[in-house]
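Descriptive analysis of the structure
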Amino acid sequence: MNKQYGAKINVDGIWRPQTKAASPIVREGAKGNITYILQAALYMEGHNPHGIDGIFGSGTEIAFKAFQRATGIPADGIAGENSFAKLFG
């Protein structure tokens, strides 16, 4: 999040409130490192985005909505701070 969004958070590998607050909104059409990380995390959670390429396409949206349903988040296909907290917190 520091590189792509200039979040300026401490990189220590620990999910903290500052990390959650710095989480971007990622949705279909998004491209970049955070989308790549989201896709990899979805895959590791058992939700195949059908490609880990850094592009939030329809496969990523389907996988992300399945993840949201499985974790009790409203399945809108939009990754925000609550979704990232479920994935990484």
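Because the structure is a prediction, the values reported are computed rather than measured.

Okay, the packing of helix α3 (residues 33-44) against helix α4 (residues 58-71) next. Two elements in contact, α3 and α4, have axes whose closest approach is 10 Å; the angle formed by their N-to-C orientations is 55 degrees. Put simply, α3 runs oblique to α4. Crossing of α3 over α4 shows left-handed handedness. Judged by residue contacts, L38, Q39 and L42 of α3 engage T60, A63, F64 and F67 from α4.

With 12 residues, α3 should cover 16 Å at 1.5 Å per step; its first-to-last C-alpha distance of 17 Å lies within 8% of that length. What α3 keeps buried is the set I34, T35, L38, Q39, A41 and L42. Angular distribution of buried residues about the axis of α3 spans 165 degrees; they occupy a single face of the element. Of the residues in α3, the exposed ones pointing more than 90 degrees away from the buried face are Y43 and M44. Along its buried surface, α3 packs onto α1 (2-5), α4 and α5 (81-88). Phi turns positive, to about 90 degrees, at G46, one or two residues after α3.

In this structure, V26, L38 and F64 are the most contacted members of the largest nonpolar core, which totals 14 residues. Among the elements of the structure, α3, α4 and α5 are those that each provide at least two residues to this core. For this core, the element with the most residues is α3, which contributes four residues. The residues touching F64, leaving out its near neighbours within four places in the chain, are L38, L42, F56, G77, I78, A79 and S83.

Turning our eyes to something else, we now look at the pattern of salt bridges. Evaluation of the coordinates by the stated rule reveals two salt bridges. Across the pair R16 and D12 runs a salt bridge, and its minimum N-O distance is 2.8 Å. With its nearest N and O atoms 3.7 Å apart, the salt bridge here joins E61 to K65. Of the two residues, E61 and K65 are both situated in helix α4; the distance of four residues between them amounts to about one turn of the helix.

Moving on: a nonpolar patch on the surface. Taken together, the side chains of Y36, I37, Y43, M44, I52 and F88 define a hydrophobic patch exposed on the protein surface, amounting to about 640 Å² of accessible area. The greatest single-element share of the nonpolar patch, amounting to four residues, is contributed by α3. With respect to the helices and strands, the residue I37 is situated in helix α3.

Criteria and thresholds
Residues numbered from 1 in each chain as written. Predicted model: local features only at pLDDT ≥ 70, side-chain atom pairs only at ≥ 80, totals over all residues. Heavy atoms only, no water. Axes fitted to C-alpha atoms, helices over the stretch in contact; angles between N-to-C directions. Helix = DSSP H or I, 4+ residues; strand = E, 2+ residues; numbered from the N terminus. Parallel < 35°, antiparallel > 145°, perpendicular 65-115°, else oblique. Left-handed = near helix turned anticlockwise from the far one by under 90°. Contact = heavy atoms within 4.5 Å. Expected span 1.5 Å × (residues − 1). Buried < 20%, exposed > 50% of the residue type's maximum accessible area, 1.4 Å probe, protein only. Arc of directions from axis to C-beta. Core = buried A, V, L, I, M, F, W, Y, C linked by side-chain atoms within 4.5 Å. Salt bridge = Lys/Arg side-chain N within 4 Å of Asp/Glu carboxyl O. Patch = residues over 30% accessible without salt bridge, like charges linked within 9 Å, V, L, I, M, F, W, Y side chains within 5 Å. Areas by Shrake-Rupley, 256 points an atom, 1.4 Å probe, with all protein chains shown as cover.

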